[in-house]
Amino acid sequence: MTTRTRILTGITTTGTPHLGNYAGAIRPAILASQDANADSFYFLADYHALIKCDDPQRIQRSRMEIAATWLAGGLDVNRVTFYRQSDIPEIPELTWLLTCVAAKGLLNRAHAYKASVDKNVETGEDPDAGITMGLYSYPVLMAADILMFNAHKVPVGRDQIQHVEMARDIGQRFNHLFGNGKEFFTMPEALIEESVATLPGLDGRKMSKSYDNTIPLFTSAKDMKDAISRIVTDSRAPGEAKDPDNSHLFTLYQAFASKAQEEEFRAELLQGLGWGEAKSRLFQLLDGQLGEARERYHQLMSRPSDMEDLLLVGAKKARAVAAPFLAELREAVGLRSFVNQAAAPVAAKKKAAKAARFVSFREDDGSFRFRLLAADGEQLLLSRHFADGKAAGVVTKQLQSGDALDVRTEALGFSVWLDGSAVADSAEFADEASRDAAIEALRVALTPLED
Ligand code: TRP
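Residues numbered from 1 in each chain as written. Predicted model: local features only at pLDDT ≥ 70, side-chain atom pairs only at ≥ 80, totals over all residues. Heavy atoms only, no water.

An unreviewed UniProt entry lists the chain under the name Tryptophan--tRNA ligase, with Pseudomonas marginalis pv. marginalis given as the organism. As stated in UniProt under Function (unreviewed entry), the record for the chain gives "Catalyzes the attachment of tryptophan to tRNA(Trp)." (UniProt positions renumbered as here; feature names shortened; annotations may be inferred.)

What follows is the structure in structure tokens.
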């Protein structure tokens, strides 16, 4: 059996997906999940969303919109494991186990946290002003997301590479502390898709919600058309040759066109196609490619309980992996059931006591001696005389240490020797066979139990 590559990525649920998200992350992830060799885990990082957003309506809306976008975009939930982070209680639990091994110094270096501190310092605020523990611990939660499922590859944007490296660091530390030679966690690798387009926005800068230059994805055809009409172009008039390679409108077209469509559009622009007409071509291309998915999107959004069901199935699949793994990890750190653990040593002791026991006593002359009795009470050994209890104790301890016994036979009896002197003797036996059987019984009785 070939092991498939486990690909895992999360989408923070704070916004509404736009065309840039679709081309840059959603479309490539859906395509990657269709590879027979891929075992994809995609999830809504809604715990991460809480770090950035305290508006419950927005969180809820975004979770639904993102789920609907991925499903409408063609994600096959029978093939991939698609779930909400917050449906997997094992993730916050693992987060705590990892928090307890994550170095504070490591988290001090996280870019997102450092940027917030720098900003505070710049504006003369307290360095920690407005910084929550959520923001600070963000990389540990992300490490739990990744390590929980032993992901091999983690497709992320460049700004997230550091977090994947921290996941490796924290995972390695856990492996080292608790693995006992076993590698609990697979070391994940960030996957940066170089070939994937970063789409330009309306103004030519990277399409991003923070620049307010996005083209909506599935809201409506009209919204998309309106946005396209606002794409900034140069002032060349219809009939004048346009420069496709310096036009972000052309770049947007390219990201969705076939090679043939691209070449045709390029030729038309060079021949003086007007910008108004060019925008209308772009709209037609996008509408043709995304129109059906848009319909599916609105259908999904109008039946949220269907999505709920799909996501709960995904959560069940994910937890089938997470729960047994977490049980192993809890065991490793010492969070174990009392039932099995307490029983084990007591049972062992009982067994040992049953196998043989030493009974010490004092002679009338004041000397100390002991007997070794077999399970059935039969006397296996009677010790010589010791001046004090301590000396006798040292000998009984040594006899139980598991070291090879120095047994010397003497006619139909035998004695046990330690450091060159006899310390205990057997009784006299009827014949050699009984004597040898007793020696064997003695060895068994003194073999320490495995713990
Ligand atoms: N932090 C990621 C982002 O903002 C989202 C995310 C959360 C994630 N957990 C993850 C990505 C685990 C990859 C793997 O983009």
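Visitor: Residues and numbers for the sheet that holds strand S8 (residues 379-383), please.
Guide: Pairing is antiparallel in the open sheet, where six strands are placed in the order S6-S7-S8-S11-S10-S9. What marks the edges here is a single partner per strand, and that holds for strand S6 (356-362) and strand S9 (406-410). Within the sheet, the average angular offset between the axes of one strand and its neighbour, ignoring direction, is 30°. In the sheet, strand S10 (residues 413-418) pairs with strand S11 (residues 421-425) via four bridges, with the strands oriented antiparallel. Counted as the bridge partner of Val416 is Ala424 from S11. Each of S6, strand S7 (368-374), S8, S9 and S10 touches helix H16 (residues 432-446); the most contacted strand, S10, lies at about 35° to it. (Pairing = 2+ DSSP bridges. Helix = DSSP H or I, 4+ residues; strand = E, 2+ residues; numbered from the N terminus. Axes fitted to C-alpha atoms, helices over the stretch in contact; angles between N-to-C directions. Contact = heavy atoms within 4.5 Å.)

Visitor: So what about the pattern of salt bridges? Which residues, and what values?
Guide: Under the criterion given, the structure shown has 24 salt bridges. Ionic pairing is found between Arg319 and Glu90, a salt bridge with its closest N-O pair at 3.0 Å. In this pair, Arg319 sits in helix H13 (residues 304-333) while Glu90 sits in helix H4 (residues 90-99), placing the two residues 229 residues apart along the sequence. Accessibility expressed as a relative area gives 7% for Glu90, which makes it buried. For Asp203, the salt bridge identified is with Arg205, shortest N-O distance 3.1 Å. Among the charged side chains, a network of salt bridges with common partners joins Arg4, Arg6 and Asp39. (Salt bridge = Lys/Arg side-chain N within 4 Å of Asp/Glu carboxyl O. Buried < 20%, exposed > 50% of the residue type's maximum accessible area, 1.4 Å probe, protein only.)

Visitor: I'd love a proper account of the UniProt feature "binding site: L-tryptophan" (unreviewed entry) in the chain, names of residues and values included.
Guide: The feature "binding site: L-tryptophan" (unreviewed entry), as annotated in UniProt, sits at Asp145 in this numbering. Counting through the fold element by element, Asp145 comes out in helix H7 (residues 133-148). Among the residues examined, Asp145 registers a relative accessible area of 2% and is labelled buried. Every residue in contact with Asp145, bar those within four places of it in the chain, is listed here: Leu8, Phe43, His48, Gln85 and Ile91. Within the structure, Asp145 has its side chain in polar contact with the side chain of Gln85 (distance 2.9 Å). (Polar contact = N/O pair within 3.5 Å; in protein donor to acceptor, adjacent residues only side chain to side chain.)

Visitor: Let's hear about the packing of helix H3 (residues 56-72) against helix H12 (residues 275-302): which residues, and what values?
Guide: Running from amino to carboxyl end, H3 crosses H12 at an angle of 140°, the nearest separation of the two axes being 9 Å. The angle between H3 and H12 falls in the class oblique. The chirality of how H3 crosses H12 is right-handed. On the side of H3, the interface is formed by Arg61, Met64, Glu65, Ala68, Thr69, Leu71 and Ala72, while H12 contributes Ala293, Arg296, Tyr297, Leu300 and Met301. Here the contact of H3 with H12 is composed, by residue class, of eight nonpolar, one polar and three charged. (Parallel < 35°, antiparallel > 145°, perpendicular 65-115°, else oblique. Left-handed = near helix turned anticlockwise from the far one by under 90°. Nonpolar A, V, L, I, M, F, W, Y, C, P; charged D, E, K, R; others polar.)

Visitor: How would you summarise the domain arrangement of the chain if you had to cite specific residues and measurements?
Guide: Taken domain by domain, the chain comprises domain 1 (3-197 + 302-336), domain 2 (207-290) and domain 3 (355-444). If you average the C-alpha positions of domain 1 and of domain 3, the two centres end up 64 Å apart. (Domains from an automatic or database assignment.)

Visitor: So what's going on with the site of the ligand? Which residues, and what values?
Guide: Around the ligand, 14 residues are found, and the nearest of them are Thr12, His48, Tyr138, Asp145 and Gln160. The contact in question runs from a nitrogen atom of the ligand to an N or O atom on the side chain of Tyr138, over 2.5 Å. Residue Asp145 places a side-chain N or O atom 2.7 Å away from a nitrogen atom belonging to the ligand. Out of a free accessible area of 360 Å², the ligand has 90% covered by protein chains. Breaking the shell around the ligand down by element, the ones donating at least two residues are strand S1 (5-12), strand S2 (38-45) and H7. Looking at the shell around the ligand residue by residue, the classes come out as eight nonpolar, five polar and one charged. (Near = heavy atom within 4 Å. Areas by Shrake-Rupley, 256 points an atom, 1.4 Å probe, with all protein chains shown as cover.)

Visitor: Describe helix H9 (residues 221-229), listing the residues and the values that go with them.
Guide: Along H9, the residues that are buried comprise Met224, Ala227 and Ile228. For H9, the buried positions fall inside an angular range of 100° around the axis, keeping them on one side. Looking at the buried side of H9, the elements it contacts are helix H1 (19-33) and H12. (Arc of directions from axis to C-beta.)

Visitor: Run through the nonpolar core, naming residues and quoting values.
Guide: Side chains of a nonpolar character, in soluble globular proteins, are inclined to be buried together. The biggest cluster of nonpolar side chains holds 53 residues, and the ones touching the most others in it are Leu19, Trp70, Phe82, Ile215 and Phe256. If you tally residues by element for this core, the top one is H12, at 11 residues. In terms of domain composition, this core takes at least three residues from each of domain 1 (3-197 + 302-336) and domain 2 (207-290). Counting residues in hydrophobic clusters, the runner-up holds 47 residues, among them Tyr83, Leu107, Met142 and Ala167. (Core = buried A, V, L, I, M, F, W, Y, C linked by side-chain atoms within 4.5 Å.)

Visitor: I'd like to hear about unusual backbone geometry, residue by residue, with values.
Guide: Peptide bonds are trans in most cases, and residues, glycine excluded, mostly fall at negative phi. Phi at Asn180 takes a positive value of approximately 55°, unusual for a residue other than glycine. Along the polypeptide, Asn180 turns up in the loop between helix H8 (161-178) and strand S5 (189-191).

Visitor: Can you lay out helix H6 (residues 111-122) for me, pointing to particular residues and giving the numbers?
Guide: Taking 1.5 Å as the rise per residue, H6 with 12 residues should run 16 Å; its terminal C-alpha atoms sit 16 Å apart, in good agreement. Three or more residues of H6 are buried, namely Tyr113, Val117 and Asn120. Considered in projection along H6, the buried side chains sweep an arc of 60° and stay on one side of the axis. Exposed residues on H6 whose side chains face more than 90 degrees from its buried face are Lys119 and Glu122. On its buried side, H6 packs onto helix H5 (104-108) and H7. Backbone geometry just downstream of H6 places Gly124 in the positive-phi region, at approximately 75°. (Expected span 1.5 Å × (residues − 1).)

Visitor: Can you lay out the environment of Gln34 for me, pointing to particular residues and giving the numbers?
Guide: In this fold, Gln34 is placed in the loop between H1 and S2. Accessibility expressed as a relative area gives 45% for Gln34, which makes it partly exposed. Excluding residues within four positions of it along the chain, Gln34 makes contact with Gly74 and Arg79.

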